[in-house]
Amino acid sequence: MPDSDRRVWTKKDLVGMEDLSRDEIELILDTAPQFVEVSRRESGIKKVPLLQGRLVVNWFHEASTRTRTSFELAAKRLSADTLSMAASTSSSVKGETLHDTLHNIEAMNTDVIVLRHSAAGAPHILAKSHASHIINAGDGRHEHPTQALLDAFTIREHIRAQRNDPTANLEGVKVTIVGDIEHSRVARSNIFCLKKLGAEVTLCGPATLIPPHIGHMGVNVTYNLREAIREADIIYALRIQLERQHDGLFPSLREYIRLFRIDSDAMKHAKPTALVMHPGPINRDIELSTTVADGPRSIILEQVSNGVAIRMAVMHLLVNSGKRR
Amino acid sequence: MSMVIKGGRVVDPASGRSELADVRIENGVVTAIGPKLTGEEVIDATGCVVCPGLVDIHVHFREPGFESKETIRTGSRAAAIGGFTTVVTMANTNPAIDNAGMVEFVNRRARETACIKIRPAACATKGMQGKELTEMAELKEVGVVAVTDDGKDIPNSAVMRRVLEYANMVGLPYLAHCEDHDLSKGGAMNEGRVSTVLGIPAIPKAAEEIALDRNIRLAAITGAHIHIQHVTTAEGIDTIRHFKAKGVRVTCEASPHHFSLTDEAVRDFNANAKMNPPLREQGDIDGIIAGIQDGTVDCIATDHAPHTPTEKEVEFADAPFGIIGLETSLALTLTKLVQPGHITLERAIALMTVEGSKLCNLDAGELKVGGAADICVFNPDEEWTVRVEDFGSRSRNSPFLGERLTGKVKYTLCEGKVVFPLSD
């Protein structure tokens, strides 16, 4: 691990990419490969004792299968005890404050709390006043830091392979994100992360789904898909929530598909080396055609596998190096 | 029994007085202002400003219905701590103040429990539903000083027009909360750079400006006096300036938090920085200050809006809108407007006393011989730290907790009685 003594992890929590330095991001990315290796062990024993005896609680205020499963698997492969809690309502609806709910969970002597919440800032508020390590597994439209980290890791692996350079990084890599930026925590975290790593980010989607002030985040915006993907090394499609159509944010799926679907026609305008990503779950043939999703340029399933390794790396760093109050 | 406030600088914007003088009070009335006065009881005001008791035409005291947030008693104590002796209470209680019986209830609670003067506003439409007019003539007879559906705008422009026509006939101002509710729906903060980064559903400035523009145009065709509450945008100030110059009867207020903080205060998801209309951007602060300087802004009002810690310590999007402001209003005005030289001390006091009083015909905010001894004594140079323990409000939802401010109230007198420092 290069420069490992210089880059020491000290943070108690992982609440967002906005709070991480480039060094911290790279430290997480550099910690992940050993955990990729754990998951691929031929011996069949896909487990390390780094979090043995620790309690990781997955506290999900919003439905999620992939992220919750990925965190649960990551914790189990680190030998932690895990517990999943699903709560569909917010604290206020139950008449509790957010802190009340967390105090109840912490009373079980938790070490790590993985929090998915529909309200932006929920993990940030809790991280400030609670002893457990808090990992943000998605807060409203705000951030989804482990998704951005696994995406950056996946991109970096491919850049390194393409360039046959094991030290290559994301400097100058062109990433185009297509779809509903406004409601996407994946987009926000990816923008923070990719910009910090030196990548160039272009956004594309219907004007009604691109926040008017997003330019302040240092990204390019275009409403023309061909133009957006022409130079891209990575084409990143976001899930389009079907209910947005009924909110009047775009006229029809038909028109969305005509303008913004990543399909083989669109891919003719991309570079031959361009790769396609998606945070899942895919609306097949809406934001992404089946031929592209299942085609040779898709690295979507690698994102999923890398997700477990990244989450193992994050939990390991937080618990074994992070400061705890 | 006579009392003399000695050695202070007496500032009374209504008469233009600003000089070192003593003030004598007998039986709740000011009986002399001048040098070397004597009395049985003496309040030492050396180094202090002695001015009319402050006036705030926009507060929420939550009684009846939300007594865990505030009551008329606790709200009046917060006001006394802040130097206020007259406030106009908003009508969005539960039940809402939309008939004479409810006004009588507020008047009775004020007589029984308040240490300062409570002048109620009433709803302009029944149940604040934005549909049917309230009985404004009778409301005025029982002491209502303004009508308002504060907290909401009246969505239907035809209803709004009738409200203004009728209020004008009765001789009551309409206090307008300007908001296009379709455009602001779901929003929790200002739409801009910060909301984009935080991913918080946001309220564009246009939601306020469109409604403000509509409301003023309706005032123009009806001849009614419309008072725009808590203006937050530079464009809104420009619009008001434009229509004032054309002779439309429009006035407006600025709230201390809107000229003190930007939406950056929301960065750490602090629900105590969440109010409606929301904190805007530096250019808007500059616009509001320019409006204060050139007289476009008529007065300063807090929109004191208490909410319990339990209600506020939830997810940012779920927290209710509103912050308290009575205890910090004078110090913020002095710190943010007078200290940097934007306006004079005398003008600041005018904005916090007689100017607001004039808008609602309160007959308050003056310090004159023969007038009620409603007086605020404050040290304009004393620095202090905003602390929960010093609040009189039942709530603590202030974004200024921990902040160092300049200008400390030393005494508040209401009809000659010392109401701050609090006696209990």
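Heads up: these notes are all about the structure in this document. Treat the numbers as computed from the prediction; the structure is a model and nothing was measured. (Residues numbered from 1 in each chain as written. Chains lettered and ligands numbered in written order. Predicted model: local features only at pLDDT ≥ 70, side-chain atom pairs only at ≥ 80, totals over all residues. Heavy atoms only, no water.)

Moving on, we come to the pairing of strand β5 (residues 174-178) of chain A. If a strand is regular, its side chains alternate between the two faces of the sheet. All names here are of chain A. Judged by how many residues are buried, β5 sits mostly within the fold: 4 of 5 residues are covered. Inspection of the sheet shows β5 paired to strand β6 (residues 200-204) by 5 bridges, in the parallel sense. Looking at β6, one finds that I177 is bridged to L203. In this fold, the crossover linking β5 to β6 by way of helix α8 (residues 185-196) has right-handed handedness. Inspection of the sheet shows β5 paired to strand β8 (residues 234-237) by 4 bridges, in the parallel sense. Its bridge partner lying in β8, I177 is registered against Y236. (Buried < 20%, exposed > 50% of the residue type's maximum accessible area, 1.4 Å probe, protein only. Helix = DSSP H or I, 4+ residues; strand = E, 2+ residues; numbered from the N terminus. Pairing = 2+ DSSP bridges. Right-handed = clockwise from strand over helix to strand, strands pointing away.)

Residue and element names in this part refer to chain A. The parallel open sheet is built from 5 strands, whose spatial order is β7-β6-β5-β8-β9. Two strands close off the open sheet at either side, each with one partner strand: β7 (220-222) and β9 (275-277). Between one strand axis and the next, the sheet turns through 20 degrees on average, direction left out of account. Packing against the sheet, α8 makes contact with β5, β6 and β8, and its axis sits at approximately 155 degrees to β6. (Axes fitted to C-alpha atoms, helices over the stretch in contact; angles between N-to-C directions. Contact = heavy atoms within 4.5 Å.)

Let us look at the interface of chain B and chain A. The interface of chain B with chain A comprises 18 residues on the first partner and 26 residues on the second. Each partner contributes to the roughly 1800 Å² buried at the junction of chain B and chain A, and carbon and sulfur atoms together form 63% of this total. In terms of surface lost to chain A, no three residues of chain B exceed B:T196, B:F269 and B:E315, which account for 34% of the buried area on that side. One can count 2 salt bridges joining chain B with chain A. A salt bridge links A:K128 to B:D268; its shortest N-O distance comes to 3.9 Å. Applying the counting criterion to the chain B and chain A interface returns 4 residue pairs in polar contact (both at pLDDT 80 or more). For the side of chain B that touches chain A, the element with the most residues is helix α6 (residues 193-198) of chain B, which contributes 4 residues. Taken together, the residues that form the side of chain B that touches chain A break down as 7 nonpolar, 4 polar and 7 charged. (Buried area = accessible area lost by both parts, 1.4 Å probe. Salt bridge = Lys/Arg side-chain N within 4 Å of Asp/Glu carboxyl O. Polar contact = N/O pair within 3.5 Å; in protein donor to acceptor, adjacent residues only side chain to side chain. Nonpolar A, V, L, I, M, F, W, Y, C, P; charged D, E, K, R; others polar.)

This is a description of form; function is not addressed.
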